[in-house]
Amino acid sequence: MTGIRKKPRQQRSRATWDAILEAAAQLFGERGYTGTTTNKVAERAGVSIGSLYQYFPNKEALLLALSERHMEESGSTLSVVFQQLEQERPDLETTLALLIEATVALHRHNPAMHRLLFEQTPRSAALMSRFRRLETLMATAVAGQLTRLGVGGPHPEARALLLVQGVEAQVHGVVLAPPEGLSSDTLVEEIKALWLAALRSGHHR
């Protein structure tokens, strides 16, 4: 069983839940998945192991909860970026830069934890469905921006989905495992240049 047993409703219970998740995030980042135990998480959080087990039957459930929290935070962060784009309506280069930099910022926040979430978290059907929904919402918002800028092509939703998936994969590799001799900052600038050239080229065809 890897599912979360229950989510807290009362403020005090919510504080316990948050403390457990924060402790889990710290320990997974410091010790990795195999070096972390529920006992160590409970100790770091300052709660009894019984209190932890009220919500999480094992450390897989902790990772699932952290994944859900990460997706919620990602959605909130990107929502702010899209609001900015709607208000300011910048050119293509600035639009791409804002989207890519927001993705980079999400990956740079505790990169060890991010690696765990995307490489070791159990891939439940519910979690993957939620991830795909977030991806689809992002692609829809990006498609609107591409159309606004006149670079959406005949299938803006498809182009936007490829952009979202491509940037996510590229930024993941660049931030978490940059090749020797190249800084992540240099590679991020290359990602921006590549997508800018691709969208401009597609616009002229």
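If you're wondering where the values come from, they're calculated on a predicted model, not measured in any experiment. Sequence order sets the numbering: in each chain, residues are counted from 1 along the sequence as written. Confidence filtering applies because this is a predicted model: local features only for residues at pLDDT of at least 70, side-chain atom pairs given and counted only at 80 or more, and all residues used for totals across whole chains, interfaces and linings. The basis for the side-chain values is all heavy atoms of the structure; hydrogens and waters are excluded.

Caption draft 1: Fine view of the packing of aromatic side chains. When two rings of Phe, Tyr or Trp (its six-membered ring) have centres within 6.5 Å they constitute a pair, described as stacked for plane angles under 30 degrees, edge-to-face for angles over 60, and tilted for the intermediate range. Counted under the stated rule, the structure contains 4 aromatic pairs. Summarising the aromatic geometry, the rings of W17 and Y55 are spaced 5.8 Å apart at their centres and angled 85 degrees between planes, so their arrangement reads as edge-to-face. Pair noted here: W17 is in helix α1 (residues 11-31) and Y55 is in helix α3 (residues 49-55), with a separation of 38 residues, a long-range link. Buried residues are those whose accessible area, probed at 1.4 Å on protein chains only, stays under 20% of the maximum for their type, while exposed residues exceed 50% and partly exposed ones sit between those limits. Taking relative accessible area as the criterion, Y55 reaches 4% and is therefore assigned buried. For the pair W17 and F56, a centre-to-centre distance of 4.9 Å together with 35 degrees between the ring planes defines the contact as tilted. Of the two residues, W17 sits in helix α1 while F56 sits in the loop between α3 and α4 (59-88), which places them 39 residues apart along the sequence. These aromatic residues form a ring-pair network of at least three members: W17, Y55 and F56. Secondary structure elements are taken from DSSP: a helix is a run of H or I of four residues or more, a strand is a run of E of two residues or more, and numbering for both begins at the N terminus.

Caption draft 2: Looking closely at the pattern of salt bridges. Salt bridge, as applied in this entry: a Lys or Arg side-chain nitrogen positioned within 4 Å of an Asp or Glu carboxyl oxygen. Tallied over the entire structure, the rule returns 8 salt bridges. Between R69 and E22 there is a salt bridge, with its nearest N and O atoms 3.8 Å apart. Linking R69 in helix α4 with E22 in helix α1, this pair joins segments that are 47 residues apart in sequence. With a relative accessible area of 39%, E22 lands in the partly exposed category. Where E135 meets R132, a salt bridge forms, and the shortest distance between an N and an O atom there is 3.1 Å. Of this pair, E135 and R132 are both found in helix α7 (residues 125-149), 3 residues apart, which corresponds to roughly one turn of the helix.

Caption draft 3: Up close: the packing of α4 against α7. Every axis corresponds to a line fitted to the C-alpha atoms, with the helix fit spanning only the stretch in contact, and the corresponding angles, defined between N-to-C directions, vary from 0 to 180 degrees. In the contact formed by α4 and α7, the axes pass within 11 Å of each other and the chain directions differ by 10 degrees. By the criterion of interaxial angle, the relationship of α4 to α7 is roughly parallel. From α4, L64, S67, E68, M71, E72, S74, G75, L78, F82, L85 and E86 reach across to α7, where they touch L127, R130, F131, L134, M138, A141, V142 and Q145. When its residues are assigned to classes, the contact of α4 with α7 shows 11 nonpolar, 4 polar and 4 charged. In these notes the angle categories are as follows: under 35 degrees is roughly parallel, over 145 is roughly antiparallel, 65 to 115 is roughly perpendicular, and the rest is oblique. Should any heavy atoms of two residues lie within 4.5 Å, those residues are counted as being in contact. Any residue that is not Ala, Val, Leu, Ile, Met, Phe, Trp, Tyr, Cys, Pro, Asp, Glu, Lys or Arg is counted as polar, Gly included; the first ten are nonpolar and the last four charged.

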